[in-house]
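One-letter residues, chain by chain:
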Amino acid sequence: MAGIRFDQVSKRFGGVTAVNALSMEIQAGEFVSILGPSGCGKTTLLRMLAGLERPSAGAISIGGAVVNELAPAERNVAMVFQTYALYPHMTVAGNIEYPLKKRRVPKTERAGRVREAARVLELEALLGRKPRELSGGQQQRVALGRALVRDPAAFLLDEPLSNLDAKLRTHMRAELIRLHRRIGRTMVYVTHDQLEAMTMSQRIAVLNEGALQQFASPQDIYARPRNDFVAGFIGTPSMNFLDGRLEGTGADRVFRSGDWSLPIGALRLADEHPDPDRRVRLGVRPEHVRLDAQGEPARVILVEPTGHETILVFDYSGNEIVARMDGEVSLEPDDSVRLSFRVAKLHLFAADDGRRLNLDDS
Amino acid sequence: MSAPARKSRRYLFNLFAWTVVLVIAFPLLWMLLTSIKPQSELFLIPPALLPGEITFEHYRRLLTETPFLTYLKNSAWLAGGTTLVVIVIATLGAHSLVRFSYPGRERLATLVLFTYLLPSVVLVIPLYLLMAGLGLANTLTSLIIAYTTFALPYALWLLRSFMKAIPEDLESAALVDGASRMQAFVDVILPQAMPGIISTAMFTAILAWNEYLYALVLVNSDAARPLTTGVINMLVTSFNIEWSLLMAASVMMSVPLIVVFAFLQRYLTRGFSAGAIKG
């Protein structure tokens, strides 16, 4: 078992920077997700960790030793690929046994370990089959088995669930969490699916355009996004943003957008004396929008009932605001309502660089 | 459509197909029949389709009284040798062109194809001078080298399209699983590329087996002559063409190809559609 450390790691492909001076430290035994939109560099990061790509700059350490110069075979990490990458000409048993063969594990020991991995993943009945004779979920388990059989220092998982149907994905998510709890190995899980990252990880690293945006627990990332990218990326439906400026200070502070203003004196900001002309973005999570007879007038644009809750889109002083309300609400498009926000739960971001302005304990 | 109508349609279609086959196969059939006719029946007017008397005399003469077996052995060596050299180089080369990134990779691939566009006739004299200079004139080796020059680019491109269809993740998985580059190539890439390798090998072998021009120019001793030039040289002179022997020789030249085709046909058709469909 080993911790993993990225120290100012960059990767450039020709003129394109895929990963930019990224530093982060993953604890031994931790389950960490690397989350970001496609093309954010998350798979490149994982491939560098596996040794399949060489960093252009910086150092990667596994278990305290810098591994930049080590071939994939010498790193003792196992990887599960998005495509599973099962060897089509080998049986399930052959696939699971392959890493042991390459590590010169004696034949007698190999058979036992293959059986053990197959037992854990309920593949015993399939050992003689070829990958093409398996369902997607079974192939996925074989790919896991091939990683599991080796007892590696760390598991690297590259979107392993994205090719499964929704039901199986939920099931395998639970299986992976259980597996991690049982074997306690370091797991680095790359995904673009925030639901997977939020439900499975102890910490999430949010990446955008090759740069680390935030590395924190799922709760922290949701409640205290460090910038407007993380705030907008995490959460479905996404956070609402309103552009405006701050007026006043302390308890008299007001957010003003055009001729509409909102007293936000209840929010504690990291910088107590902002420039009076400071431009900011106000972030409102959909669940923090509520119907309020004392609130501002708004008009319903769209109603999307999902059963236990209803997603509503409002026209609110010229802005589109998405709200999450309970399933009982009975509104029709073009209805006129009054809305307010839960001020204590609002987020403020600087308009220039998007950094969070709220005090972190708020 | 009613059942009888469907049946007669199928009947008509079969009739048409067999007619086409017969027209195309007739020269082959004629070759076979001529090779077992006695010399006296060859020039009958009107010609007789079926031999009045079946004889294997021409085959016997060919095998015992002429250097036919030497030519056959040379042809086999040429086809085998060329195929081996071409496949080893083309497999590794195609893998490199697909998997590794280095400056000028695409240009190199195009350049290789460009050499294939040169007509053989343009190359044959320079090649002859080169071989003579290397002291390889009149050897099988010179022909293997010459055949490689035109078979390799083709093989490289064919195998490249096969290799492209092999997911890169497979090789990455093997590397992470503990294989070296070469082990990953042998354990994972080669088995996946095998249908492509087999069909490329067949194309190459057939090319070498049927080659005429280079064999004619580069080799002029019976010891190194392959079947193509050997048979013509031996049986066709300005005064006489030994038709019976020529036909018997042609039959024996075709048989190995037909046998190989019959066994490996399914790989060959996969070769034709390489790159057309993914995976």
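Keep in mind that this is a model prediction, so the values were computed, not measured.

Trainee: Could you give an account of the overall build of chain A, naming the residues involved and the relevant values?
Mentor: From N to C terminus, chain A includes 8 helices and 19 strands. Each of the three principal axes of chain A carries a C-alpha extent, and together these read 75 × 45 × 35 Å. Counting across all 362 residues of chain A, residues that qualify as buried make up 50%. A separation threshold of at least 6 residues defines the contact pool for chain A, and within that pool the share at least 24 residues apart is 65%. Accessible area of chain A: about 16400 Å², with a carbon and sulfur share of 46%. Placing the 48 positive and 46 negative side-chain charges of chain A at their respective mean positions leaves the two points 11 Å apart.

Trainee: Describe in detail the domain arrangement of chain A, supporting the description with residues and values.
Mentor: Often the size quoted for an interface is simply the accessible area lost on bringing the parts together. Residues and elements named next belong to chain A. Partitioning chain A into structural domains gives domain 1 (4-232) and domain 2 (237-350). Contacts between domain 1 and domain 2 engage 8 residues on the former and 8 residues on the latter. Between domain 1 and domain 2 lies a buried interface of about 670 Å² when both sides are counted; carbon and sulfur atoms form 50% of it. Here domain 1 and domain 2 share 1 salt bridge between them. Among the ionic pairs, Asp228 bridges to Arg281, the shortest N-O distance being 2.9 Å. For the interface between domain 1 and domain 2, the tally reads 5 residue pairs in polar contact (both at pLDDT 80 or more). Those elements giving two or more residues to the side of domain 1 that touches domain 2 turn out to be helix 7 (218-223) and helix 8 (228-233). For the side of domain 1 that touches domain 2, a count of residues per class yields 5 nonpolar, 2 polar and 1 charged.

Trainee: Break down the interface of chain A and chain B for me, citing the residues and quoting the values.
Mentor: Between chain A and chain B, the residue contacts involve 22 residues of the former and 16 residues of the latter. Scanning the region where chain A abuts chain B turns up 11 residue pairs in polar contact (both at pLDDT 80 or more). Elements that contribute at least two residues to the side of chain A that touches chain B include exactly helix 1 (42-50), strand 6 (77-80) and helix 2 (92-102) of chain A. A per-class count over the side of chain A that touches chain B returns 15 nonpolar, 2 polar and 5 charged.

Trainee: Let's hear about the pattern of salt bridges: which residues, and what values?
Mentor: Residues and elements named next belong to chain A. All chains considered together, the criterion is met by 32 salt bridges over all chains. A salt bridge links Arg119 to Glu116, with the shortest nitrogen-to-oxygen separation between them at 2.9 Å. Of this pair, Arg119 and Glu116 both sit in helix 3 (residues 107-120), separated by 3 residues, roughly a single helical turn. A relative accessible area of 45% means that Arg119 is categorised as partly exposed.

Trainee: Tell me about the sheet that holds strand 15 (residues 289-305) of chain A, residues and numbers included.
Mentor: Residues and elements named next belong to chain A. Read from one edge of the open sheet, 4 strands run 17-16-15-18, paired in antiparallel fashion. Unpaired on one side and paired on the other, strand 17 (319-326) and strand 18 (336-341) mark the two borders of the sheet. Here the strands of the sheet are splayed against their neighbours by 55° on average, with no regard to which way each runs.

Trainee: Any chance you could break down the pairing of strand 2 (residues 16-26) of chain A for me, citing the residues and the numbers?
Mentor: Residue and element names in this part refer to chain A. Relative to strand 2, strand 1 (residues 4-13) runs antiparallel, the two sharing 7 bridges. Considered in strand 2, the bridge of Phe13 is made with Val16. Turn length for the strand 1-strand 2 hairpin, with the two strands adjacent in sequence and antiparallel, is 2 residues, and the turn residue Gly14 shows positive phi of about 60°.

Trainee: Go over the environment of A:Arg113, please, and point to the residues and values.
Mentor: Residue and element names in this part refer to chain A. Summarising the element assignment, Arg113 is placed in helix 3. With a relative accessible area of 26%, Arg113 lands in the partly exposed category. Sequence separation between Arg113 and Arg150 is 37 residues; the distance between their C-alpha atoms is 8.5 Å. In this view, Arg113 contacts Leu100, Val105, Val149, Arg150 and Asp151; residues no more than four positions away in its chain are not counted.

Definitions and cut-offs
Residues numbered from 1 in each chain as written. Chains lettered and ligands numbered in written order. Predicted model: local features only at pLDDT ≥ 70, side-chain atom pairs only at ≥ 80, totals over all residues. Heavy atoms only, no water. Helix = DSSP H or I, 4+ residues; strand = E, 2+ residues; numbered from the N terminus. Buried < 20%, exposed > 50% of the residue type's maximum accessible area, 1.4 Å probe, protein only. Contact = heavy atoms within 4.5 Å. Areas by Shrake-Rupley, 256 points an atom, 1.4 Å probe, with all protein chains shown as cover. Lys, Arg positive; Asp, Glu negative; His and termini not counted. Charge placed at Lys NZ, Arg CZ, Asp CG, Glu CD. Domains from an automatic or database assignment. Buried area = accessible area lost by both parts, 1.4 Å probe. Salt bridge = Lys/Arg side-chain N within 4 Å of Asp/Glu carboxyl O. Polar contact = N/O pair within 3.5 Å; in protein donor to acceptor, adjacent residues only side chain to side chain. Nonpolar A, V, L, I, M, F, W, Y, C, P; charged D, E, K, R; others polar. Pairing = 2+ DSSP bridges. Axes fitted to C-alpha atoms, helices over the stretch in contact; angles between N-to-C directions.

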